[in-house]
Every structure is written in C-alpha cells, then in structure tokens.
Amino acid sequence: MTKLIFDCDPGVDDAVALFLAFASPQDLEILAITTAAGNVAANLTARNAAIIRQIAGREDVPIHAGAQRPLVRPPVGAGDFHGESGLGTLPVFEPTKGAAKGHAANVIVDLVMAHAPGEVTIAATGALTNLALAMRLEPAITARLGPIAIMGGARREGGNITASAEFNIYADPHAADVVFTSGARCVVFGLDVTHQVRADPARTAAIAAIKTPAAQASANLLEFSNALERDIVGGTGAPIHDPCVIAWLLAPQLFTLRPCDLKVETASPLTLGHTAVEFRLADPSAATVQWATGADADGVFALLNERLAR
C-alpha cells in the first residue's frame, strides 16, 4: 500500500489520473489531493478536483488548495486545451464538499514529517509550485520523501507549449528547478513517453463501454482531448499524459526508466522551461532522477479499463 499525496491542476488528463487513483484503494492510500494554478486558475483546479472526487465517490480523501501563481514568472494557462472550466465538455457542478482548510504546501510538509522516512510518495501532474514551496518551508522533507513521480518535461519530443518546453515545467520552471536540484528521488514522465500512450478511437470506445460513473466521465474527457488532437494536430488519439504517473505507481513494469541528470532552463526567454536530460553519467547508480523512455500502452489502457470498471 503506497501512501500518496497527489499534487495536480485538473485539467482533463489530471482528471483521468484522479479517477485511476481513486479506483485503486487496495494499492494507494491517498493522504491528500493538493491543487495549484496551472491548466486553469487555482480556484477552478480545487473545484475540479472536488468534482472528480464526488463522481468517484471518494469524499473520504481531503483536498487542499495551494499556490495561486508560479514562484517567479507570470501565470500561464492551458484553457485552450482543457476548456474554459478545465474539464472539457464534462458537465460541471458545485460539489457538495469543497476543499479543506490548510494551504497545500503546509499540508505536504505536515504529512511528510508525520510519517516515517520514505513512507510518503508524491504524484505531481501539474506545475511543481506546491512542492517547491513545501521544500522551502521545511527542507527536511526532501530526505524524508519517497519517490516523487512527475509528469513534465521533454527531450526527444520537443515541447508542447513552446518549441522546447512542456507545459507543466514551463508553467513554473523555477519550482521545477527547486525540485530537481533538491536531491529528492524523482521519476519523470515527459512527453517522450506520454506520447506513446494515446487514447485512439478503439481505446476510447472501450472505456465508454464501461458503465461506471468514473468510466463514463473519463470517456467524455478523452473524447474532448481527441477532438482537439484531430483539429489542431491532425492525429487520431490524444496522449494521456498524467495517468502515466499513476499507472507507474500501480504497475511499474509497464514503463522503462533510465537514470539521468536533469536541469531546467529558468533564464532564457527563448527556451524557458526546457528540460536538459543527460544520460551520459559518470556514475549512473548515483543519479537521483529517472527518466521514462518507454511504455506498454496496451498495458496502461488495460489497467485503466480494469480499474474504471470497479
């Protein structure tokens, strides 16, 4: 049983990742969902997390809102890819239970310090602002954390918000720099691997055929992403970025990882948010960052279908 803090900015693909996590109580003890500004504004990400929680029937999991803007740079958003609400065409409503008291960064510190070293894992599928703030508030958490599974960055694939930057890192590159230089153990799922896991029509139809509320909502979200993929990119299946993080926690054998050195560009106006991923290491065993290079896409979707059917 993995004790998990899920830090996110829902967001269409964050929402599918949340459904996968909520549907896996035998594997994941979700200590808290923490949210920040990212794909949409902070008030919407907290509300969206509560909507997904209610659809999943998991009001036992607390949600804590956090950072309303990046550490240094001006805020950016991705409403064009997630819709005005952040949840595409999924019907939104005022959830019966909202966010709990306590800033996300403080909650991360308190939970990590209250557990044994290495016991708390973090899944991070948005800008890393909350985690960077927590590390600054209490530097001791870095050595006490279990692995931090992060969706962010790109190497071979280039960027999806600029020519060289992936959105989550671009949204707060200074926070990403804090996390990646902290010495914490990070497992990073960038576009190189998430672009291998695509919700093609057959995979989306298989999820739509599952009649649970979580599966029906997930199919709606994936169909929204697929429509954008067709209209903007010309592809037939949108990549499901954030669910890869949760899939790795549940079934790590589905992914191939390589040790690396990872640095984030924080100064250049041209390449802000670029992730420089270096595999040529003098001592790979000393690396604190693992970069995902391959995924079993059929395995990821089989896992998603099996869990959403519960």
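Quick note: structure is the one above.
Report follows, based on the coordinates. (Residues numbered from 1 in each chain as written. Predicted model: local features only at pLDDT ≥ 70, side-chain atom pairs only at ≥ 80, totals over all residues. Heavy atoms only, no water.)

1. Some points on the layout of surface pockets
Line of reasoning, step 1. By volume, the largest pocket amounts to about 610 Å³.
Line of reasoning, step 2. Secondary structure elements with two or more residues in the lining of the largest pocket: helix 1 (12-22), helix 3 (79-82), helix 7 (167-171), helix 11 (213-233) and strand 8 (238-239).
Line of reasoning, step 3. The element best represented in the lining of the largest pocket is helix 11, accounting for 6 residues. (1 Å grid on protein atoms, 1.4 Å probe; cavity = no way out; pocket = protein on both sides within 12 Å on 5 of 7 lines; lining within 4 Å. Points joined across faces, edges and corners; volume = space filled by probe spheres on them. Helix = DSSP H or I, 4+ residues; strand = E, 2+ residues; numbered from the N terminus.)

2. Section: helix 10 (residues 201-208)
Line of reasoning, step 1. Listed as buried for helix 10 are Arg203, Thr204 and Ile207. Viewed along the axis of helix 10, the buried residues span an arc of 100°, placing them on a single side of the element. The exposed set on the far side of helix 10, more than 90 degrees from its buried face, consists of Pro201 and Ala202. (Buried < 20%, exposed > 50% of the residue type's maximum accessible area, 1.4 Å probe, protein only. Arc of directions from axis to C-beta.)

3. Section: the sheet that holds strand 2 (residues 28-35)
Line of reasoning, step 1. Here 9 strands make up an open sheet; going across it, the order is 3-2-1-4-5-6-11-9-10 and the pairing mixed. Two strands in the sheet have a free side with no partner beyond their single neighbour: strand 3 (63-65) and strand 10 (275-278). Pairwise comparison of adjacent strand axes, ignoring direction, gives a mean angle of 30° for this sheet.
Line of reasoning, step 2. Summarising the sheet, strand 9 (residues 255-264) and strand 11 (residues 289-295) pair through 6 bridges and their orientation is antiparallel. In the sheet register, Pro259 faces strand 11, and the bridge partner there is Gln290. (Pairing = 2+ DSSP bridges. Axes fitted to C-alpha atoms, helices over the stretch in contact; angles between N-to-C directions.)

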